[in-house]
Amino acid sequence: MRAREDGGDIPVERIEAAAYTVPTEVPEGDGTLAWDATTAVVVEAWAGGVHGLGWTYAPAATAHLVRELLAGVVTGRDAFGVAGLHESMCRAVRNAGRPGVASCAISAVDVALWDLKARLLGLPLADLLGVVCPEVPVYGSGGFTTEPDTRLRAQLESWVHGLHIPRVKIKIGQDRGRAAGRDLARVALARQVIGPDAELYVDANGAYARGQALRVGRELSAYEVCWFEEPVSSDDLAGLRMLRDRLDSDVAAGEYGYDLPYFARMTDAGAVDCLQADATRCGGITEWLRVAALARARGLELSAHCAPHVHAHPAACVPNFRHVEWFRDHARLEPLLFEGEGLLDPSGGTVRPAASGAPGLGLALRRSGVEEYRVA
């Protein structure tokens, strides 16, 4: 532990950023997007003889933005003052625009700074933030619309019958909602594979129009689907509210929020049953915890979107937390890029982020075997 024994600051010495693009095993897609690779932008922050690790899933240009606009703002400042550093970064991107790539860049640096602070104190990040529940529920997520039924079946069997995760999510809304028949057939297959006891979720990624989402949503009740994510665009707050009022399943959205006002608008509109937020997009752990507080003030639970190794520690510290998305792409990529005692095992449907006792997130960037993926 490196405490401030003399009461002085421990300055951030340097910030480094790199981007890594890893091909998917097969081409993937959902209702509104297709992809064949995932890019992670990794940030490392040094101070007091240790360094912290953070990352976001965003274009490689995000690494350049970290170097150009954020590194100079953070370097030389007290590593323990994460909230102040976060505010300075938000001000630094004023002319670049906060939503989008700039917010992803802030997020990656903020996560690295929290990891750094916890390492300086010799504490798991969850212990630094204050654990409410040491076990964090997860749900298996994938089931891409581009994949054949055989692959969908294998994924579902692995999650529910192999890892014993009692909640899973698949993608629907194929071809921007023009294949509702196949969507429902895949939902039926999913229910048949996972059995009657596991929770079944679906995610349309905003592919449907309001009326179509309502018709599909009513059909989903026959398969006991209890979570309907982005049935319409997350920008259509009135549509989300209408569907929330008329469907049996919980309506969820929020993964594309880049700042606190976005989430305030969504909650003020009564648009969701459960709010989603992504710490690798919304401004890091600093802003994610504020979103959690906003959700609690509105009587809502919070669910973490993707990036499970980023979210597990702060999730354990939120009293109104529901679950972390164990997203197939990120669950595959994070152990490929990172190593350490902090790697999590979702078997049984929960993870215990502070169980290893390793400081911070308990992870480090692999120094060998990842350079082949570096693009920036």
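Thresholds, definitions, all that
- Residues numbered from 1 in each chain as written.
- Predicted model: local features only at pLDDT ≥ 70, side-chain atom pairs only at ≥ 80, totals over all residues.
- Heavy atoms only, no water.
- Pairing = 2+ DSSP bridges.
- Helix = DSSP H or I, 4+ residues; strand = E, 2+ residues; numbered from the N terminus.
- Axes fitted to C-alpha atoms, helices over the stretch in contact; angles between N-to-C directions.
- Salt bridge = Lys/Arg side-chain N within 4 Å of Asp/Glu carboxyl O.
- Buried < 20%, exposed > 50% of the residue type's maximum accessible area, 1.4 Å probe, protein only.
- Right-handed = clockwise from strand over helix to strand, strands pointing away.
- Parallel < 35°, antiparallel > 145°, perpendicular 65-115°, else oblique.
- Left-handed = near helix turned anticlockwise from the far one by under 90°.
- Contact = heavy atoms within 4.5 Å.
- Nonpolar A, V, L, I, M, F, W, Y, C, P; charged D, E, K, R; others polar.
- 1 Å grid on protein atoms, 1.4 Å probe; cavity = no way out; pocket = protein on both sides within 12 Å on 5 of 7 lines; lining within 4 Å.
- Points joined across faces, edges and corners; volume = space filled by probe spheres on them.

Visitor: What exactly am I supposed to notice about the sheet that holds strand 1 (residues 14–29) here?
Guide: By definition, the strands of a sheet pair up through backbone hydrogen bonds, in either a parallel or an antiparallel sense. Ordered in space as 1-2-3, the three strands form an open sheet in which the pairing is antiparallel. Each edge of the open sheet is held by one strand with a lone partner, namely strand 1 and strand 3 (50–57). Here the average twist between neighbouring strands, direction ignored, is 20°. Two elements, strand 1 and strand 2 (residues 34–47), share twelve bridges in a ladder whose sense is antiparallel. Across the sheet, Val22 pairs through a bridge with Thr38, a residue of strand 2.

Visitor: Teacher, can you tell me more about the pattern of salt bridges here?
Guide: Two side chains that carry opposite charge are able to pair once their charged atoms sit near each other. Tallied over the entire structure, the rule returns 24 salt bridges. With its nearest N and O atoms 3.0 Å apart, the salt bridge here joins Arg322 to Asp250. Taken together, the residues span a long stretch of sequence, with Arg322 in strand 11 (residues 321–327) and Asp250 in strand 8 (residues 250–253) at a distance of 72 residues. Take Asp250: its relative accessible area is 22%, and that puts it in the partly exposed class. We classify Arg322 as partly exposed; its relative accessible area is 22%. Linked through salt bridges whose partners overlap, the residues forming this network are Glu25, Glu147, Arg151, Arg328 and Arg332.

Visitor: I'm lost on the pairing of strand 11 in this one. Help?
Guide: For a regular strand, side-chain orientation follows a simple rule: the groups alternate between the two sheet faces. Most of strand 11 sits out of view: six of its seven residues are buried. Looking at chain direction, strand 10 (residues 301–304) and strand 11 are connected through two bridges and run parallel. Residue pairing across strands places Leu302 opposite Phe321, the latter belonging to strand 11. Following the backbone out of strand 10, through helix 12 (residues 308–315) and into the adjacent parallel strand 11, one traces a crossover that is right-handed.

Visitor: Quick question: what am I supposed to make of the packing of helix 10 (residues 260–268) against helix 11 (residues 284–297) here?
Guide: Each pair of packed helices can be summarised by the angle the axes make with each other and by the distance between the axes. Where helix 10 contacts helix 11, the two axes come as close as 10 Å, and the packing angle between them is 20°. In terms of their interaxial angle, helix 10 and helix 11 are classed as roughly parallel. Considering how the two elements wind past one another, helix 10 and helix 11 form a crossing that is right-handed. Each of Leu260, Phe263, Ala264 and Thr267 in helix 10 lies in contact with helix 11, whose residues at this interface are Glu287, Arg290, Val291 and Leu294. In terms of residue class, the contact of helix 10 with helix 11 is built from five nonpolar, one polar and two charged.

Visitor: Honestly, unusual backbone geometry in this entry has me stumped. Any pointers?
Guide: Excluding glycine, most residues fall at negative phi; most peptide bonds, likewise, are trans. For Glu224, which is not a glycine, the phi torsion comes out positive at approximately 55°. Within the secondary structure, Glu224 sits in the loop between helix 8 (210–220) and strand 7 (225–229). Glu224 gets classed as exposed once you look at its relative accessible area, which sits at 55%. We note that Cys306 has phi near 55°; this positive angle belongs to a residue other than glycine.

Visitor: In this structure, what is going on with the layout of surface pockets? I would like to understand it.
Guide: If a probe as big as a water molecule is rolled over the atoms, it shows which places are left empty. Counted as a void, the largest pocket has a volume near 660 Å³. In terms of lining, the largest pocket is formed by 30 residues, of which the most central are Leu33, Trp35, Tyr57, Arg281 and His330. Of all elements in the fold, only strand 2, helix 3 (101–121), strand 5 (167–171), strand 11 and helix 13 (328–337) reach the threshold of two or more residues within the lining of the largest pocket. The element that contributes the greatest number of residues to the lining of the largest pocket is strand 2, accounting for five residues. Classifying every residue of the lining of the largest pocket gives 13 nonpolar, eight polar and nine charged.

These figures come from the coordinates and say nothing about function on their own.
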